[in-house]
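# Residue-level structure breakdown
Letter by letter, the chains look like this.
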Amino acid sequence: MTENEKMTHLNQKGEANMVNITSKKMSDRTAVAIGIVEMKKETLDLLKNNAFEKGDVLSVARVAGIMASKQTPNLIPLCHPLDITQAAIDFDLNEEENLLKIMATIKTHGKTGVEMEALTAVSIASLTVYDMCKSIDKGMKIKINLFSKKGGKSGDIHFNK
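This text gives an overview of the structure that appears in the document. Treat the numbers as computed from the prediction; the structure is a model and nothing was measured. (Residues numbered from 1 in each chain as written. Predicted model: local features only at pLDDT ≥ 70, side-chain atom pairs only at ≥ 80, totals over all residues. Heavy atoms only, no water.)

### Here we look at the environment of H109
Relative to the elements of secondary structure, H109 occurs in strand 3 (residues 99-110). Beyond its immediate chain neighbours, meaning those up to four positions away, H109 contacts M26, S27, D28, D83 and T85. Separated by 2.7 Å, the side chains of H109 and D28 make a polar contact. (Helix = DSSP H or I, 4+ residues; strand = E, 2+ residues; numbered from the N terminus. Contact = heavy atoms within 4.5 Å. Polar contact = N/O pair within 3.5 Å; in protein donor to acceptor, adjacent residues only side chain to side chain.)

Laid out in structure tokens, this is it:
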């Protein structure tokens, strides 16, 4: 394992600790995470037509994702609390493949990145869709990954997943 690949959340004794970011430089940082919810055609049609009894699924999922991004350090023990400057959740319905694509974009100006906030946002938005649609489609599948990050020492990175 090289110096760049070391486990940053472990101290010299191998114990979990929060990374010291005191000496890191402030920079604009952005992370984008993608969630894919695979569902039945009937479920996607109900989403498209906003026809669920529980209400507007996508609006509720958007708010849930934004709220979740702000709660990341309360959910993931070693994450730093961050000043999030933007949290956006966008949706794309793919009717050919019966997929809902959820994209969470999180921004900050700080000393550490917002990858975990983007992943948390898209996770909770995806789970909210599942929760609100499960009465119709219990077989939905959720896939989540980090799509890109910008800023900081490592610069701009796009992941091909």
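### Quick look at the pairing of strand 4 (residues 141-150)
The side chains of a regular strand alternate between both faces of the sheet. The sheet contact formed by strand 1 (residues 27-38) and strand 4 spans nine bridges and is antiparallel. Directly across from G35, in strand 4, lies its bridge partner I144. Pairing geometry for strand 4 and strand 5 (residues 157-158), over two bridges, is antiparallel. From the neighbouring strand, S148 faces strand 5, where its bridge partner is H158. Hairpin remark: strand 4 followed by strand 5, antiparallel, with six residues in the connecting loop; positive phi at G151, about 100°. (Pairing = 2+ DSSP bridges.)

### Let's talk about helix 2 (residues 57-70)
For helix 2, with 14 residues, the first-to-last C-alpha span of 20 Å sits near the 20 Å given by 1.5 Å per residue. Among the residues making up helix 2, those that are buried are V57, L58, A61, A64, G65, A68 and S69. Looking down the long axis of helix 2, one finds its buried residues gathered within 135° of arc, a one-sided arrangement. On the buried face of helix 2, the contacting elements are helix 1 (41-48), helix 3 (72-75), strand 2 (84-94), strand 3 and helix 4 (115-133). (Expected span 1.5 Å × (residues − 1). Buried < 20%, exposed > 50% of the residue type's maximum accessible area, 1.4 Å probe, protein only. Arc of directions from axis to C-beta.)

### Thoughts on the pattern of salt bridges
For the structure shown, the criterion picks out four salt bridges. E95 is paired through a salt bridge with K48; the nearest N and O atoms lie 3.2 Å apart. Here K48 lies in helix 1 and E95 lies in the loop between strand 2 and strand 3, a separation of 47 residues in the sequence. On the basis of relative accessibility, which here comes to 48%, the residue K48 falls in the partly exposed class. (Salt bridge = Lys/Arg side-chain N within 4 Å of Asp/Glu carboxyl O.)

### Looking at the sheet that holds strand 4
The strand order 2-3-1-4-5 describes an open sheet built from five strands, whose pairing is antiparallel. Each edge of the sheet is formed by a strand with only one pairing partner; in this case those strands are strand 2 and strand 5. This element, helix 1, spans strand 2 and strand 3 of the sheet and lies at about 125° to strand 2. Of the strands in this sheet, strand 2 and strand 3 are in contact with helix 2, which crosses strand 2 at around 145°. (Axes fitted to C-alpha atoms, helices over the stretch in contact; angles between N-to-C directions.)

### Considering the nonpolar core
Counting residues in hydrophobic clusters, the biggest one holds 26 residues, and the most contacted among them are M39, L47, L100, I102 and V129. Mapped onto this core, the elements with two or more residues apiece are strand 1, helix 1, helix 2, strand 2, strand 3 and helix 4. The contact partners of V129, leaving out residues within four places of it in the chain, are V37, M39, V57, A61, L100, I102 and M140. (Core = buried A, V, L, I, M, F, W, Y, C linked by side-chain atoms within 4.5 Å.)

### Quick look at the packing of helix 2 against helix 4
For any two helices packed against each other, the geometry comes down to the angle between their axes and how far apart the axes lie. Where helix 2 contacts helix 4, the axes come no closer than 7 Å and their chain directions differ by 150°. In the packing of helix 2 onto helix 4, the handedness of the crossing is right-handed. Across the interface between the two elements, V57, V60, A61, A64, G65, A68 and S69 from helix 2 touch E117, T120, A121, I124, A125, T128, V129, M132 and C133 from helix 4. Residue classes in the contact of helix 2 with helix 4 are distributed as 11 nonpolar, four polar and one charged. (Left-handed = near helix turned anticlockwise from the far one by under 90°. Nonpolar A, V, L, I, M, F, W, Y, C, P; charged D, E, K, R; others polar.)

### As for a nonpolar patch on the surface
Taken together, the side chains of L127, I142 and I144 make up a nonpolar region of the molecular surface, amounting to roughly 230 Å² of accessible area. Here I142 lies in strand 4. Residue I142 is classed as partly exposed on the basis of its relative accessible area of 32%. (Patch = residues over 30% accessible without salt bridge, like charges linked within 9 Å, V, L, I, M, F, W, Y side chains within 5 Å. Areas by Shrake-Rupley, 256 points an atom, 1.4 Å probe, with all protein chains shown as cover.)

Read these as geometric descriptors, not functional statements.
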